[in-house]
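# Commentary on secondary and tertiary structure
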Amino acid sequence: MAKKKAVVNQDTCIGCNTCPLVDPDTFEMDNDTFKAKVKDTAPEVNDKTEMAVTSCPVGAISISEE
Ligand code: SF4
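Heads up: these notes are all about the structure in this document. Please read all numbers here as calculations on a predicted model, not as lab measurements. (Residues numbered from 1 in each chain as written. Predicted model: local features only at pLDDT ≥ 70, side-chain atom pairs only at ≥ 80, totals over all residues. Heavy atoms only, no water.)

Right, let's get into the overall build of the chain. Regarding its fold elements, the chain presents 2 helices and 4 strands. In terms of overall dimensions, the chain is globule-like: its C-alpha atoms have a radius of gyration of 11 Å, near the 11 Å expected for 66 residues. Projected onto its principal axes, the C-alpha positions of the chain cover 35 × 20 × 20 Å. In the chain, buried positions account for 24% of the 66 residues. Considering only contacts within the chain whose residues lie at least 6 apart along the sequence, 56% involve residues at least 24 apart. When the accessible surface of the chain is summed, it comes to about 4300 Å², and 50% of that surface belongs to carbon and sulfur atoms. (Helix = DSSP H or I, 4+ residues; strand = E, 2+ residues; numbered from the N terminus. Rg over C-alpha atoms; globule rule 2.2 N^0.38 Å. Buried < 20%, exposed > 50% of the residue type's maximum accessible area, 1.4 Å probe, protein only. Contact = heavy atoms within 4.5 Å. Areas by Shrake-Rupley, 256 points an atom, 1.4 Å probe, with all protein chains shown as cover.)

Laid out in structure tokens, this is it:
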């Protein structure tokens with residue numbers, strides 16, 4: 001089965017800091033770009049990740065299958 005992975009669109013993200021609050025295991029803010037990124041240590045996509053996708057005000061997070 002393909003592994004699902006969260007992806008943050010760097011062009012769309014406005015750095016609102018919501019996704020790291022909703023799913024801190026998966027997302028963190030990048031201190032250089034002030035945008036969110038997916039952690040290297042992110043677990044498999046889970047309920048919190050899905051919630052972050054729907055919580056993002058600009059729809060910058062998507063789930064891709066590798
Ligand atoms: S919730 Fe969306 S806009 Fe806000 S930091 Fe995360 S990806 Fe960026």
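Still more ground to cover, so stick around.
To continue, consider the side chain of Thr 26. Secondary-structure assignment places Thr 26 in the loop between helix H1 (18-22) and strand S2 (27-29). Classification of Thr 26 as buried rests on a relative accessible area of 2%. When residues no more than four places from it in sequence are discounted, the contact partners of Thr 26 are Ala 6, Lys 37, Val 38, Lys 39, Ala 42, Pro 43 and Thr 49.

Here the focus is unusual backbone geometry. One non-glycine residue, Asn 17, lies in positive phi territory at about 75°. Mapped onto the elements of the fold, Asn 17 is located in the loop between strand S1 (4-8) and H1. Positive phi values are uncommon outside glycine, yet Phe 34 reaches one of about 60°. Along the polypeptide, Phe 34 turns up in the loop between S2 and strand S3 (36-38).

Further remarks concern empty space enclosed by the protein. Under the criterion given, the structure shown has 1 cavity of 30 Å³ or more. Together, 16 residues line the largest cavity, and Cys 13, Cys 16, Cys 19, Ala 36 and Cys 56 are the ones closest to its centre. Of the residues assigned to the lining of the largest cavity, the class counts are 13 nonpolar, 3 polar and no charged. (1 Å grid on protein atoms, 1.4 Å probe; cavity = no way out; pocket = protein on both sides within 12 Å on 5 of 7 lines; lining within 4 Å. Points joined across faces, edges and corners; volume = space filled by probe spheres on them. Nonpolar A, V, L, I, M, F, W, Y, C, P; charged D, E, K, R; others polar.)

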